[in-house]
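Residue strings, one per chain:
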Amino acid sequence: TVVAPGHEIVSASPDSHLEPHSGTSMAAAFVSGAAALAQSRRRMQGKPLLTPSALKELFATTARSLPATTSARNDEFGAGCIDVGALITAVDEQQ
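Keep in mind it's a predicted model, so treat the numbers as computed, not measured.

The rules we used
Residues numbered from 1 in each chain as written. Predicted model: local features only at pLDDT ≥ 70, side-chain atom pairs only at ≥ 80, totals over all residues. Heavy atoms only, no water. Helix = DSSP H or I, 4+ residues; strand = E, 2+ residues; numbered from the N terminus. Buried < 20%, exposed > 50% of the residue type's maximum accessible area, 1.4 Å probe, protein only. Contact = heavy atoms within 4.5 Å. Salt bridge = Lys/Arg side-chain N within 4 Å of Asp/Glu carboxyl O. Arc of directions from axis to C-beta. Polar contact = N/O pair within 3.5 Å; in protein donor to acceptor, adjacent residues only side chain to side chain.

**What about the environment of Leu55?**
So, step 1. Positionally, Leu55 belongs in helix 2 (residues 52-62).
So, step 2. Relative accessible area serves as the criterion here: at 11%, Leu55 is assigned to the buried category.
So, step 3. Note: C-alpha distance between Leu55 and Leu87 (32 residues apart in sequence) is 9.3 Å.
So, step 4. Leave out the neighbours within four places in its chain, and Leu55 touches Ala35, Ala38, Gln39 and Leu50.

**Notes on the pattern of salt bridges**
So, step 1. A complete count under the given rule lists one salt bridge for this structure.
So, step 2. For Asp92, the salt bridge goes to Arg41, with nearest N and O atoms at 2.8 Å. Within this pair, whereas Asp92 is found in helix 3 (residues 84-93), its partner Arg41 is found in helix 1 (residues 24-44), the two being separated by 51 residues in sequence.

**With respect to helix 3**
So, step 1. Where helix 3 is concerned, the buried positions are Leu87, Ile88, Ala90 and Val91. On an axial view of helix 3, the arc spanned by its buried residues comes to 160°, and they lie on one face.

**Here's the deal with the side chain of Thr62**
So, step 1. Among the structural elements, Thr62 can be located in helix 2.
So, step 2. On the basis of relative accessibility, which here comes to 11%, the residue Thr62 falls in the buried class.
So, step 3. Looking at Thr62, its side chain comes within polar contact range of the main-chain oxygen of Leu58, at 2.6 Å.
So, step 4. Here Thr62 is in contact with Asp83, Ala86, Leu87 and Ala90, once residues within four sequence places are set aside.

**Digging into unusual backbone geometry**
So, step 1. Here the phi dihedral of Glu8 falls at roughly 60°; this positive angle occurs in a residue that is not glycine.
So, step 2. With respect to the helices, strands and loops of the structure, Glu8 is situated in the segment before strand 1 (9-12).
So, step 3. The exposure class assigned to Glu8 is partly exposed, which follows from its relative accessible area of 45%.
So, step 4. The phi dihedral of Ser16 falls on the positive side, at around 70°, and the residue is not glycine.
So, step 5. Looking at where Ser16 falls in the secondary structure, it is placed in the loop between strand 1 and strand 2 (18-21).
So, step 6. Of the residues examined, Ser16 reaches a relative accessible area of 68% and is grouped as exposed.

What follows is the structure in structure tokens.
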């Protein structure tokens, strides 16, 4: 597992205003967007799309440790916070 930014994310409200929201629904957009960028990058390079398990592995291996943790992996934060830049770099380096 990994974590993603999900606290005080500015988002549109039903009354068309922008306001901060927190929770998994905010974090899910970061993960979905990162996955879409990774797959788009593969397609642009003429490579086959990543399988769900390969994408999951890339998220875990490119996640960055959070400052509050003592290791790269733990029960609270999993592998760490997604790092989109590292994810795309890893995608570029794959065959």
